[in-house]
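# Reading the structure
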Amino acid sequence: MGDPVVSIKNLRIALPKGAERTHAVDGVSFDLTAGKIVCVVGESGSGKSMCAHALLGLLPDTVKVESGEIAFEGRDLLSVDQDGWRDLRGRRIAMVFQEPMTALNPLMRIGEQLMEVFEAHDLLSPKERRAKALALVREVGLPDPERIIRAYPHQLSGGQRQRAMIAMALALEPAVLVADEPTTALDVTTQAQILKLIRNLQASHNMAVMFITHDFGVVADIADQVVVLRHGKVVEEGTSEAVLGRPQHDYTKALLAAVPSFDPPPRRSREDAPRALEVVGLDKTYVTPTGWFRPNRETRAAHAVNFAIHQGETLGLVGESGSGKSSVARLVMRLIEADRGTVRIGDVDLTALDGRALRTQRHRIQMIFQDPFASLNPRRKVGRIIADGMVARGTPLEAALKRAQELLGLVGLDAGAIGRYPHEFSGGQRQRIGIARALALDPEIIVADEAVSALDVSVQAQVLRLLEDLKARLGLSMLFITHDLRVAAQICDRIAVMQKGEIVELKPTAALFADPEHAYTRELLAAVPGRKQEVA
Amino acid sequence: EEPKTGGVVNAVIQPEPPGLMLAMVQNGPTQMVSGNIFEGLLRYSPKLEPLPGLAESWTISPDAKVYTFKLKKGVTWHDGKPFTSADVLFSIEMLKQTHARARNNLVMVEKVEAPDDLTVVFTLKEPFGPFIGIFEVGSMPMVPKHLYEGTDYKTNPNNNAPVGTGPFMFKEWQKGSFIRMVKNPNYHEKGKPYLDEVYWQIIPDAAARAVAFETGKVDVLPGGSIENFDVPRVSKLPGACVTGAGWEFFSPLSWMWLNNRNPILANKKVRQAIMYAIDRDFAKDVIWNGLGKVATGPSASTIKFYSDDVPKYPYDPAKAKALLKEAGYKGEKIRMLPLAYGETWQRWGEAVKQNLQDVGMTIETIATDVPGGNQKIMEWDYDIAFTYLYQYGDPALGVSRNYITSAIAKGQLFNNVEGYSNPEVDKLFAEGATAPTDAKRKEAYDKVQKILAEDVPVAWLLELQFPTITKCKVKSLITTGIGVNDGFRDAWLDK
Amino acid sequence: MRQFWRTMLRSPSGIIGLIILVLAIVIAVAGPFYFPNSPWRMVQRPFVPPFTLAKVPLGTDALGRDVLAGLIFGARVSLLVGLVSTLVALVVGVPLGAIAGYFGGRVDDALMRFTEFFQTIPSFALAIVLVAILQPSIYSIVAAIGLVSWPPVARLVRGEVLSLRTREYVQAAVVTGQSNAWIIWREILPNALSPVIVLASLMVATAILLESSLSFLGLGDPNLISWGYMVGAGRTVIRQAWWITVFPGVAILLSVLGLNLIGEGLNDALNPRLSREGR
Amino acid sequence: MLSFIAQRVVKGVIVLLAIIVLNFFLIRLAPGDPAVVMAGEAGASDQIFVAQLREKFGLDRPLPEQLLIYVKGIASLDLGFSFRQQAPVAKLIAERLPATLLLTLTAFAISLGLGILFGVLAARFAGTFLDTAITVLALIFYATPLFWIALIAILLFSVWADWLPSFGYETVGAGYTGLRHALDVGAHLVMPAATLGLFFMATYTRMTRASMLEVKRLDFVKTARAKGLRDGIILRRHVLRNALLPVVTLAGVHAGTLVGGAVLTETVFAWPGIGRLMYDALIQRDYNLLLGVFVVSSAMVLIFNLVTDLVYRLVDPRIEYAS
Ligand SMILES: Nc1ncnc2c1ncn2[C@@H]1O[C@H](COP(=O)(O)OP(=O)(O)OP(=O)(O)O)[C@@H](O)[C@H]1O
Ligand SMILES: Nc1ncnc2c1ncn2[C@@H]1O[C@H](COP(=O)(O)OP(=O)(O)OP(=O)(O)O)[C@@H](O)[C@H]1O
Ligand SMILES: [Mg+2]
Ligand SMILES: [Mg+2]
């Protein structure tokens with residue numbers, strides 16, 4: 001290994017009073033070396049972003065570096081003044097942020113934002129800047145560079161925006177690239193492309209890269225070195241093979257263990273059980289009015305969707321972002337109206353019902369939502385959140401609350417939780433509350449739309465186990481929506497693959513993984529990070 | 001002093017007149033501006049004696065039924081056409097349609113004739129004492145026949161650019177800003193007017209008007225332009241001159257209508273109690289800054305046949321309380337309608353309300369704007385309502401209409417809206433109007449004043465005085481009984 | 001809630017605002033017990049300057065009425081008008097906005113046209129016309145101010161509801177079979193409330209100003225003394241007796257200021273995004 | 001773009017029609033009518049006189065018929081006739097409109113310009129003394145009754161210092177032309193425009209400040225900093241431009257309402273504008289004129305809203321995309 005470009009020693013960053021803990025990071029040390037990618041991993045809140053921001057002197061005003069040292073090419077970055085920072089940022093150290101949606105100025109053209117990098121350092125003439133911008137856009141593989149340069153951020157897709165961000169970061173060929181979860185907001189196929197791009201560029205420009213992620217699959221694909229953070233401390237550090245293959249620290253081991261395996265476990269077929277849910281010919285096209293004198297914009301979110309779920313079965317619905325998974329879930333739940341088609345629970349046609357009749361049937365099919373923060377009313381106590389549905393069905397409040405306590409016990413929470421508000425719980429705990437709410441009405445079917453996607457791997461594993469367990473105990477059927485094929489592999493009996501509103505393939509899980517027929521399914525499977533190098 | 005010629009005077013006009021065609025619009029501001037553009041047959045001295053106007057001379061037949069006017073020779077309209085007796089005849093016909101007061105004034109006229117171009121003869125049905133007092137410009141403005149005859153009066157284009165015979169000609173009106181009139185070079189009185197131009201400035205806010213005068217932007221504040229509270233201060237400013245003259249013809253008298261139909265107010269004792277309860281000296285001293293005079297009865301002291309020999313009502317709350325008790329008043333709610341004419345009237349309403357509450361009456365103030373208040377009065381939907389009215393120099397013109405039974409009718413704003421009816425009073429007022437001699441008239445009026453003051457059909461308040469404040473350099477502005485309304489004819493500027 | 005008070009009390013503007021408002025309310029509620037006399041009573045000679053007579057510490061007005069008494073009784077009217085008319089605006093605006101936002105589509109379109117219609121007429125002009133038509137009284141003033149101030153509330157609530165409607169916890173309520181009314185009332189509105197509260201605090205301030213402007217034009221309730229009335233009544237004599245307008249003017253200024261500061265404090269306290277990071 | 005405008009115009013016409021109908025009845029709800037007012041002014045009245053006036057104004061016809069006549073007039077762009085003032089309503093309004101526009105647009109420019117400037121300063125130096133001073137000052141201007149500021153201003157600048165004229169639109173009778181005239185009007189404009197402007201300035205100051213602080217926290221500002229851009233450029237190019245979007249919206253709404261909303265200022269400074277015209281029309285129950293003012297000022301609001309939306313489209317590229 002060559003000389004480190006950046007060397008962080010004993011970094012200690014103090015958080016303001018009233019924050020979760022006193023220090024965002026405490027005694028963190030690691031090096032960045034030219035031509036190598038260092039992956040910093042760890043749960044949410046472990047201090048990854050703080051390290052990254054400290055590297056660019058972009059810490060929030062209230063957050064201060066207390067002690068330690070960051071050496072860059074022999075200079076101590078902690079004593080650099082504002083002018084010094086301006087000189088370094090962009091030119092020597094560049095950064096790519098997580099959210100491609102918000103990291104670009106919505107009012108400026110991509111080209112302008114690119115050229116701004118040169119302008120910031122008084123380089124080149126405006127004309128040369130433009131030529132350079134075009135070249136950069138081409139280098140990161142954006143199609144039709146002339147158009148892209150004149151486009152506004154909202155006119156690009158998420159992946160294109162992230163490419164533009166990367167182009168900006170590369171503009172001045174910096175020695176160090178810091179990428180803070182640059183692919184988390186993207187879907188798998190796009191993520192795979194971006195990872196490849198970073199890899200290639202890093203090699204060709206011989207950059208030192210600090211790559212932040214919480215996805216071990218990504219780590220497996222991209223990392224040379226790995227740094228594992230927990231609660232602001234480095235718990236393990238080493239080469240990729242070493243950390244992933246022979247983890248030393250318990251925490252690392254636990255994290256790795258929690259990563260779902262790509263091999264589907266053997267499952268008993270339930271095809272002969274009666275059908276709990278049947279979906280026939282569902283069509284949904286969103287029509288967005290654009291004005292009186294213009295054709296409306298139409299998005300086809302579901303087209304001739306057919307499937308059935310048998311009692312006790314879990315059907316997975318996978319596909320990339322925007323393929324229509326959530327739309328199908330909402331159609332099944334009757335949260336939106338279908339243009340055509342039938343949803344049948346047992347022998348009741350849900351699509352034919354309305355108003356009160358519909359409300360009385362609703363309890364038979366319940367939903368677990370994606371975002372544990374958004375799915376619980378912050379102003380209602382947990383007990384009421386769970387009991388509300390029962391009360392609406394006529395259960396007296398007393399009895400409903402008692403049942404709520406039992407349910408909380410069932411999902412592994414303390415019965416005292418009923419008197420507390422949602423914000424007093426962690427993400428994983430909230431998701432359990434959400435599950436309790438769904439169970440409260442004794443449903444026959446549960447629809448889970450990305451129910452574990454927002455959770456850290458370790459918590460995700462717990463919740464998945466809980467779901468599996470409850471399902472078996474209560475004899476539930478489940479429609480499980482995810483974009484994470486690893487998760488799908490672990491929990492689904494059969495999997496349906498969606499693309500552009502259509503189900504392109506529906507097979508038992510093992511069969512699908514072993515023998516994907518549709519080209520899109522194959523593409524999807526290939527894009528799963530860490531595919532080649534199975535972790536732990 | 002020898003008048004000097006030339007100069008421009010800025011005067012305030014408030015509120016902005018809705019129009020300047022005096023034959024069709026008769027509100028105060030219109031009269032004030034247009035009185036200098038139009039003319040009547042006569043003018044009146046501060047003592048209300050008739051003076052020559054467009055009529056050079058006049059004679060009254062011995063039976064007091066035939067009035068013959070000789071018109072001045074060589075008078076022309078602003079557009080150069082000669083003014084003749086035909087214009088007079090036409091004006092009278094037109095005014096009968098458009099000018100309610102003129103129509104009332106002319107009911108006694110049997111016929112009007114014009115034997116020649118410069119003679120007009122009025123023949124009355126019976127003698128009518130006040131007849132000689134109805135020819136002032138506001139009461140009977142002369143209208144150009146050649147511009148109005150055969151047209152639709154309300155849309156006649158000349159309404160917006162009035163053509164008269166007066167000393168000033170209408171020039172320009174920027175709505176919301178100013179009205180400008182310029183010297184009539186062909187005015188029939190040689191040498192007059194002295195001023196070149198007069199600007200009437202429109203300034204909606206009273207305080208702003210005071211400031212405008214103070215900063216020298218305007219030279220004339222006609223009566224009522226600024227709040228009374230400001231009068232003492234503004235009149236003490238250097239170079240400011242004040243006069244109370246110029247209101248003799250109108251002699252505004254203020255009172256409160258007492259709705260005699262209201263069972264409580266129908267009781268004479270309650271009405272008298274109200275008279276005793278109101279501290280009119282306080283109102284005069286504090287609200288009107290000492291201007292004006294406490295009214296004694298239905299007539300202002302400045303008009304003809306005023307009599308002082310009437311029961312008086314000094315401020316006496318104790319007596320008021322006693323009277324109310326006698327009347328059996330138990331605090332029933334009485335609604336009071338103040339006049340929405342600005343601060344002074346608002347303050348006055350508040351003071352009176354307090355006075356009445358102090359003697360145990362329950363008063364609720366009803367707030368309305370002017371039209372709302374008018375409407376209520378017209379529909380007799382009030383208990384007590386403030387007002388003030390012009391007297392037009394003679395009880396038969398401005399006083400009797402408020403008390404006689406025949407003047408009771410729903411849907412009118414003045415006249416007998418209080419609903420008082422007393423055959424004795426009716427008889428005496430009729431006598432006063434038609435008695436052939438002044439002595440006979442006086443006899444009737446003395447009696448009626450006494451009866452009314454005893455009966456208190458309405459609660460008289462003050463004889464109002466609206467001081468005109470000018471820069472002292474503006475001379476001879478007020479020379480007649482109608483004051484500023486035709487004042488610029490004689491005014492000149494001492495430069 | 002505790003958290004809320006802590007944030008509220010941490011911002012100095014919030015504290016100052018609260019102090020001013022509490023003071024004004026105390027004066028309005030308790031003051032008349034110390035000044036049982038009607039503020040309309042003519043107690044002294046007119047134009048007594050302030051700080052010269054102990055009996056009328058703030059002097060007297062053009063009719064010899066006690067300015068201090070007027071100030072105290074005026075607090076009642078001004079605050080009452082401010083609070084009640086805001087309430088009226090909320091009572092109209094919140095349900096309208098909630099219904100528009102929740103049901104969307106044609107209902108939304110119709111209600112928003114209706115709102116737009118009210119917004120298109122200049123609000124002060126509309127208030128003047130309404131008061132003139134209904135005849136000035138405390139009721140008509142409150143009604144008029146309420147009526148011209150609800151559109152922003154409706155718009156705000158609609159916007160909030162529109163975004164809250166798609167929240168997962170609202171969908172969860174739908175899925176568990178709750179009725180629309182219940183969802184709007186229990187799930188959505190409580191969460192839409194913070195910006196509404198902030199807006200409301202500012203609306204109270206605006207309403208006080210509006211009342212004073214109406215009074216200034218002579219469209220106040222003639223039976224009740226208010227600060228706006230006092231300023232309006234004193235303006236013609238401002239040259240001789242500054243105190244008649246200045247004291248009530250300052251009273252208006254302070255309460256409006258106080259309410260604005262509270263609004264700012266509330267904004268900090270109720271907006272978690274702002275309260276977390278320091279300024 | 002064109003279709004967008006056409007659509008808005010159609011909607012605007014519908015709103016205007018609703019305004020006409022509602023106000024038509026609203027105005028007639030008020031006690032008293034023009035005939036009553038004029039009877040009051042004539043100093044004498046009887047039923048014949050009032051009835052004559054009513055007939056003259058067409059007030060003796062049934063209400064729906066009156067409405068129909070009015071709407072028909074509007075359809076041919078005729079705002080009716082003011083019998084009170086013996087002139088077509090359109091003419092009366094047209095006479096006053098320039099003064100109002102001059103006043104309100106100047107005030108608007110002052111409030112927007114100063115408001116944004118102070119807002120930026122306050123945000124730039126957030127938490128410092130300057131920030132507090134600006135915030136407090138803006139609040140005081142906002143919290144002080146408009147008419148009160150006006151009174152004080154007149155006292156200070158007209159009476160005591162004698163720098164500025166206290167009333168009107170120009171020096172009447174001075175007959176200035178050209179530059180002199182412009183200067184004269186300008187001198188008259190200073191106080192009313194400043195009074196009106198300062199009040200609205202407060203809103204813009206606070207809004208700009210809040211918006212700036214909000215935008216400052218957004219990710220793209222971090223991106224800009226990561227590029228090594230100077231603070232000034234970041235503030236101008238990235239923060240301010242984005243922060244101004246809500247200000248533009250608000251300004252559009254304000255600009256429209258300013259047209260009919262300056263009654264008080266126009267009263268105190270004797271400014272011959274629409275607001276005062278409306279107030280007088282109301283006091284005199286000049287139905288056609290009052291309705292005319294409402295129609296015109298509402299139309300102004302709608303026009304300004306449209307302009308705002310168009311400006312917004314220019315400033316914010318996202319909007320065009322969305323439609
Ligand atoms: N501006 C701030 N003020 C106070 N505390 C903060 C601030 N920003 C972050 N923190 C805290 O600092 C700690 C580290 O945060 P950091 O953003 O570095 O986490 P992370 O590892 O990047 O997490 P994630 O995966 O969610 O992005 C957390 O406890 C967080 O709550
Ligand atoms: N309410 C809506 N109005 C218009 N278009 C919509 C609406 N909801 C979703 N869409 C569009 O429909 C398509 C399918 O969306 P959907 O949310 O079902 O996708 P998804 O597979 O759940 O994606 P993700 O993985 O990102 O959640 C997308 O193109 C989306 O933009
Ligand atoms: Mg992070
Ligand atoms: Mg989805």
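Residues numbered from 1 in each chain as written. Chains lettered and ligands numbered in written order. Predicted model: local features only at pLDDT ≥ 70, side-chain atom pairs only at ≥ 80, totals over all residues. Heavy atoms only, no water.

Attention now goes to the overall build of chain B. For chain B, the helix and strand inventory stands at 14 helices and 21 strands. In terms of C-alpha radius of gyration, chain B reaches 23 Å, essentially the compact-globule figure of 23 Å for 495 residues. In terms of its C-alpha atoms, chain B occupies a principal-axis envelope of roughly 70 × 55 × 45 Å. Expressed as a percentage of its 495 residues, the buried residues of chain B come to 65%. Look at the contacts in chain B between residues 6 or more apart in sequence, and 71% of them connect residues 24 or more apart. (Helix = DSSP H or I, 4+ residues; strand = E, 2+ residues; numbered from the N terminus. Rg over C-alpha atoms; globule rule 2.2 N^0.38 Å. Buried < 20%, exposed > 50% of the residue type's maximum accessible area, 1.4 Å probe, protein only. Contact = heavy atoms within 4.5 Å.)

Another aspect to go through is the interface of chain D and chain A. On the side of chain A, 36 residues touch chain D, which itself brings 30 residues to the contact. Our count for the contact surface shared by chain D and chain A stands at three salt bridges. The interface formed by chain D and chain A holds 14 residue pairs in polar contact (both at pLDDT 80 or more) in total. Within the residue set of the side of chain D that touches chain A, elements represented by two or more residues are helix H1 (2-29), helix H9 (219-226), helix H10 (231-258) and helix H14 (317-322) of chain D. Sort the elements by how many residues they give to the side of chain D that touches chain A and H10(D) lands first, with seven residues. (Salt bridge = Lys/Arg side-chain N within 4 Å of Asp/Glu carboxyl O. Polar contact = N/O pair within 3.5 Å; in protein donor to acceptor, adjacent residues only side chain to side chain.)

Between all five pairs of chains that are in contact, chains B and D come out with the most contacts. Regarding chain A and chain B, which are not in contact, the minimum distance between any of their C-alpha atoms is 44 Å.

Taken together, the contact between chain D and chain B spans 46 residues of the former and 49 residues of the latter. With both chains or domains summed, chain D and chain B bury close to 4,100 Å², and 56% of this area falls on carbon and sulfur atoms. Scanning the region where chain D abuts chain B turns up two salt bridges. When the shortest N-O distance is used, the salt bridge between Glu16(B) and Arg96(D) registers 3.4 Å. Viewed at the interface, chain B and chain D are joined by three residue pairs in polar contact (both at pLDDT 80 or more). At the level of elements, helix H2 (34-42), helix H3 (47-57), helix H5 (89-124), helix H7 (146-160), helix H11 (263-268) and helix H12 (274-283) of chain D are the ones that each hand at least two residues to the side of chain D that touches chain B. (Buried area = accessible area lost by both parts, 1.4 Å probe.)

Going through the model one piece at a time under the given rule, you end up with one disulfide over all chains. The partner cysteine of Cys241(B) in its disulfide is Cys472(B), sulfur to sulfur 1.9 Å. One quick way to see it: the torsion about the S-S bond of Cys241(B) and Cys472(B) is about 105 degrees, and its sign makes the bridge right-handed. Of this pair, Cys241(B) sits in strand E12 (residues 240-243) while Cys472(B) sits in the loop between strand E19 (468-471) and strand E20 (474-475), and the two are 231 residues apart along the sequence. For Cys241(B), a relative accessible area of 31% puts it in the partly exposed group. Residue class for Cys472(B) comes out partly exposed when judged on its relative accessible area of 25%. With no disulfide of its own, Cys51(A) has Cys39(A) as its nearest cysteine by sulfur position, at a separation of 14 Å. With relative accessibility at 1%, the residue Cys51(A) sits in the buried group. (Disulfide = S-S within 2.5 Å.)

What follows deals with helix H14 (residues 438-455) of chain B. All names here are of chain B. Relative to the 26 Å expected for 18 residues at 1.5 Å per residue, H14 spans 25 Å between its end C-alpha atoms, a close match to the ideal helical length. Buried residues of H14: Arg441, Ala444, Tyr445, Val448, Gln449, Leu452, Ala453 and Asp455, and no others. Considered in projection along H14, the buried side chains sweep an arc of 160 degrees and stay on one side of the axis. Buried-residue contacts for H14 involve helix H7 (268-277), helix H12 (395-398), helix H13 (423-434) and strand E18 (458-463). Of the residues flanking the end of H14, it is Val456, one or two places downstream, whose phi is positive at about 45 degrees. (Expected span 1.5 Å × (residues − 1). Arc of directions from axis to C-beta.)

Residues and elements named next belong to chain A. What surrounds ligand 2 is a group of 13 residues, the closest being Ser321, Gly322, Lys325, Ser326 and Ser327. Between ligand 2 and Ser321, the relevant distance is 2.5 Å, taken from an oxygen atom to a side-chain nitrogen or oxygen of the residue. Within the backbone of Ser323, an N or O atom sits 3.2 Å from an oxygen atom of ligand 2. Every element with two or more residues in the shell around ligand 2 is listed here: strand E12 (297-310) and helix H11 (325-332). Looking at the shell around ligand 2, its residues break down into two nonpolar, seven polar and four charged. (Near = heavy atom within 4 Å. Nonpolar A, V, L, I, M, F, W, Y, C, P; charged D, E, K, R; others polar.)

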